[in-house]
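# Analysis of the macromolecular model
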Amino acid sequence: MYPSNHKTVFVLDHTPYFGISCEYQIEFDFTKSRGPGFIPLAPISKSLWTCSVEAAVEYCRIVWDLFPTGKLVRFVVSDSTSHVLNSWTPSQQNLTFILNAMATMGIPPRAHQAGDYSVIHGLRAAIEALCECSDIQHEKRTSLTENASKVLNRCRVICITSARDNASIKSLEDIFQNVVIQQNKIAAGSDHLITVHHCHLVVINAFPNNMESQVTGHGPKDLSAILTSEVHSVQAGGGIAAKLSHLILNHYDLASTTVTGIPMKEEQNASSSANYDVEIFHSSAAHTSILRGNAADSALIRTQREGADYETVTLKWCTPRGCSAAEMQNCTAMHRITPVDVNSRPSSCLINFLLNGRSVMLEMPRKAGGKMISHLLAAHGGEIFVHTLVTARSVLEDPPSISEGCGGRVTDYRITDFGILMQNNKLVPSKRKMDEGDAEMPLNKMRGRLDRHTKYWPITISSTLIFNLKNYVDPLPSLLLKEELSDEEVVQCKQIIYNLIGLESKHEALQTPAMGQRGKGPRREEQYRIMWSELETFIRTHCRSDQHSRVLNCLLECRNKSDDEKFKGDKAVKEDKVELDQALRELDQFGKLSENQSSEYVSRASVIRATTDSPMSPPPVSVTTPPTIRTVRPSLPGGSIYSGPRTFLDMWVSRSSAEQKAVKEARPEFLGRTNGEGLPGGGSLAKLYTHLKDVDQRVNRSSDMVVDGVSGETSSSKSSS
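Procedures and definitions
Residues numbered from 1 in each chain as written. Predicted model: local features only at pLDDT ≥ 70, side-chain atom pairs only at ≥ 80, totals over all residues. Heavy atoms only, no water. Helix = DSSP H or I, 4+ residues; strand = E, 2+ residues; numbered from the N terminus. Contact = heavy atoms within 4.5 Å. Areas by Shrake-Rupley, 256 points an atom, 1.4 Å probe, with all protein chains shown as cover. Buried < 20%, exposed > 50% of the residue type's maximum accessible area, 1.4 Å probe, protein only. Pairing = 2+ DSSP bridges. Core = buried A, V, L, I, M, F, W, Y, C linked by side-chain atoms within 4.5 Å. Phe/Tyr/Trp six-rings, centres within 6.5 Å; stacked < 30°, edge-to-face > 60°. Lys NZ or Arg CZ within 6 Å of the ring centre and 35° of its normal. Axes fitted to C-alpha atoms, helices over the stretch in contact; angles between N-to-C directions. Parallel < 35°, antiparallel > 145°, perpendicular 65-115°, else oblique. Left-handed = near helix turned anticlockwise from the far one by under 90°. Nonpolar A, V, L, I, M, F, W, Y, C, P; charged D, E, K, R; others polar. Salt bridge = Lys/Arg side-chain N within 4 Å of Asp/Glu carboxyl O.

Bringing the overall build of the protein chain into the picture now. For the protein chain, the helix and strand inventory stands at 22 helices and 20 strands. Sequence-distant contacts, at least 24 apart, represent 70% of the contacts inside the protein chain between residues at least 6 apart. As presented, the protein chain carries roughly 43200 Å² of accessible surface, and 54% of it is formed by carbon and sulfur atoms.

Okay, here's the thing in structure tokens:
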């Protein structure tokens, strides 16, 4: 099983196009003193070929600095034909051999020189090189072990070329895939070749800095089961090197660390010094311990590298020490390092400083303040390593106190209660063998028990109140943890609730143990409010049976009465609370009253409720509906404590009101309601005195008849006369 970075092939485009300038100007005049008449040198510009060669060679330098063995790189140059510069032999895996081979290639040919110039020649040669076994692969394949046939050939090809558009890139990928398939068929029939099981093709499209590319880059994309391709389009002047520096981190699982604050004397003025930064590459495992720690501290040291597409971890230079056995640090890992900019003066000074036997501590700042030494730079046998130091407690130190929290702060953990919790949930081996007919396995039963005991379990003393009032609430918490409660245990729990209500009615403060709080604790009213709220939460959490619901209903009924008696108005006006015995006496007197006086007490109860309820109080329960026993006890654990009648007085008033309503319903209904005309918006319209008009008509007809009779009688008398 070999990763893709075991074998890498660079294919460099050596066609005439790579002989043009990259149009990235570099100042070439380094003369400090300029006399009169001095003509400065003109800036120079590298060719595309020079930029690609420098970037590829720097890629190899980093790989071979960090991995002296096991990571192989080959170079193939493509113009009118392919030129393979080295082999998989370890003796040819070094920069000296590569640079000497590059020197024999010379500059790219001119455009007028005849030839079939294409990068495809180099890609074909690269695939053929990938089918050749490395020494370690050949050793594994020829061994007489069962793993000889399991050697997988994963590899990578990095092609630096220049394409016209996306269609050219697509054609290049298709040709490469076809060549891989053809070469695999050849390797399958050969004894000394190995098939390519997977290849990662990286195409870097380079173009001059004063031009725009028509090629669109994309991330890794699977073209088939054996080929993954990605394309990057970059400017040749500085862009190729920056892109390869970014890709090498992913190719070899590396990370970047910037050592900041390195004191260094100025070259012009030896008496003064300035602080410089040096970036180094190493295995990403060196950052595991600090990046897995506090997220805020990790975000503080991770920054985006200026001019690059990757992040770097910034660690500060600490006072250097000599690397002696007496000062060796407790470290957990050690990895080789290499500077990113090997030719810079700060990098050279740091490397020489470490090679001379000195060591450098690296410290990381913390968001909460302070610093912590996390790494050590030191050289061993001419190679420089970064040592990951232990930032947590050492196994050689005394274990921390159980009361010590994060960052060494002393906390108020419920240590004694936690010990009781462990003791109550201790596992012991079962003495009998479980049968298939058993309803539940002991382990599953114990899981359910542990889940019950930890559903509501505050971890600190300051985050709970009822568990600090053991002399008031015990043994209610332990009883509610049971799966089933007996009637005696329910009565015992109710008695505890009644005792707490009695203490509240007597205005007695709850005595709590000293919990390390500064100043005064909460007021008595606030203390009881917190206690009742937490007690209700605890009982609801463990309400799993009818017996548990009885305890919850008892608390809800009592709390409803207590909530009604609370005063929510101005502090200057205080009304006396009605004691429990006084309320019972009033209830007895109310039962002796006649039904005619019931309505008076209904209105009186409404007035009392209107003057005592706060604006945030829930709406009162309707007195027109007779309550039932089921309304007193909420069926759901999340039901409100105001869901049923509040007091026995409300129940009696509701019953009396229902009886009065029944009496009213027995009376005849008003005729106007039954015969009224319906309105569009609802309701009805009834006319008063509907028969008044008929009476008027009858009266008018009677008067007319009287007048006519009189007039006829008069006329007859006249005629007779």
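All right, on to the pairing of strand 6 (residues 154-161) then. Among the eight residues that make up strand 6, seven are buried, leaving the element largely enclosed by the rest of the structure. Direction of pairing for strand 6 relative to strand 7 (residues 198-207): parallel, over a ladder of eight bridges. Within strand 7, the residue paired with R156 across the bridge is H200.

With that settled, consider the nonpolar core. In this structure, F10, L12, F75, I240 and L244 are the most contacted members of the largest nonpolar core, which totals 43 residues. Contributing elements (two or more residues each) for this core: strand 1 (7-13), helix 1 (48-66), strand 4 (72-78), helix 2 (95-105), strand 6, strand 7 and helix 6 (236-251). Among the elements that make up this core, the one with the highest residue count is helix 1 (13 residues). Each residue touching F10, except ones within four places of it in the same chain, is listed here: A56, Y59, C60, V73, R74, F75, V76, I158, I160 and L244.

Another aspect to go through is the packing of aromatic side chains. Inspection of the entire model under this criterion finds eleven aromatic pairs. Look at F10 and Y59: their rings are 5.1 Å apart centre to centre, the planes differ by 80°, and that puts the pair in the edge-to-face class. Here the residue F10 occupies a position in strand 1, and Y59 occupies one in helix 1, the gap between them amounting to 49 residues. When the ring of F467 is compared with that of F538, the centres are 5.7 Å apart and the planes differ by 85°; the resulting orientation is edge-to-face. Of this pair, F467 sits in the loop between helix 11 (442-453) and helix 12 (470-473) while F538 is found in helix 15 (residues 524-541), placing the two residues 71 residues apart along the sequence. Each member of the pair, F467 together with F538, is buried. Among the aromatic side chains, those forming a connected cluster through ring pairs are F10, Y59, F67, F75 and Y252. Just above the ring of F67 sits the side chain of K71; from NZ or CZ to the centre is 5.7 Å.

This next bit is on the packing of helix 1 against helix 2. In the contact formed by helix 1 and helix 2, the axes pass within 11 Å of each other and the chain directions differ by 165°. As summarised for this structure, helix 1 and helix 2 are arranged roughly antiparallel, according to the angle between their axes. The element helix 1 and its partner helix 2 pack so that their crossing is right-handed. Counted together, W49, V53, V57, C60, R61 and W64 of helix 1 and L95, I98, L99, M102 and M105 of helix 2 form the full contact between these two elements. Taken together, the residues of the contact of helix 1 with helix 2 sort by class into ten nonpolar, no polar and one charged.

Attention now goes to the sheet that holds strand 5 (residues 82-84). With mixed pairing, the seven strands of this open sheet are ordered in space as 5-4-1-6-7-9-8. The open sheet has two edge strands, strand 5 and strand 8 (218-222), and neither has a second partner. The sheet shows a mean angle of 20° between the axes of neighbouring strands, taken without regard to direction.

Throughout the structure, instances matching the rule amount to 18 salt bridges. E54 is the partner of K46 in a salt bridge, and the nearest nitrogen-oxygen pair spans 2.7 Å. Assessed through its relative accessible area of 40%, E54 is described here as partly exposed. As a salt-bridge pair, R61 and D65 come within 3.0 Å of each other at their nearest N and O atoms. Placement of the pair is R61 and D65 together in helix 1, with a separation of four residues, close to one helical turn. Classification of R61 by relative accessible area gives buried; the value is 9%. Since its relative accessible area comes to 34%, D65 is described here as partly exposed. One salt-bridge network, in which partners are shared between bridges, spans E58, R61 and D65.

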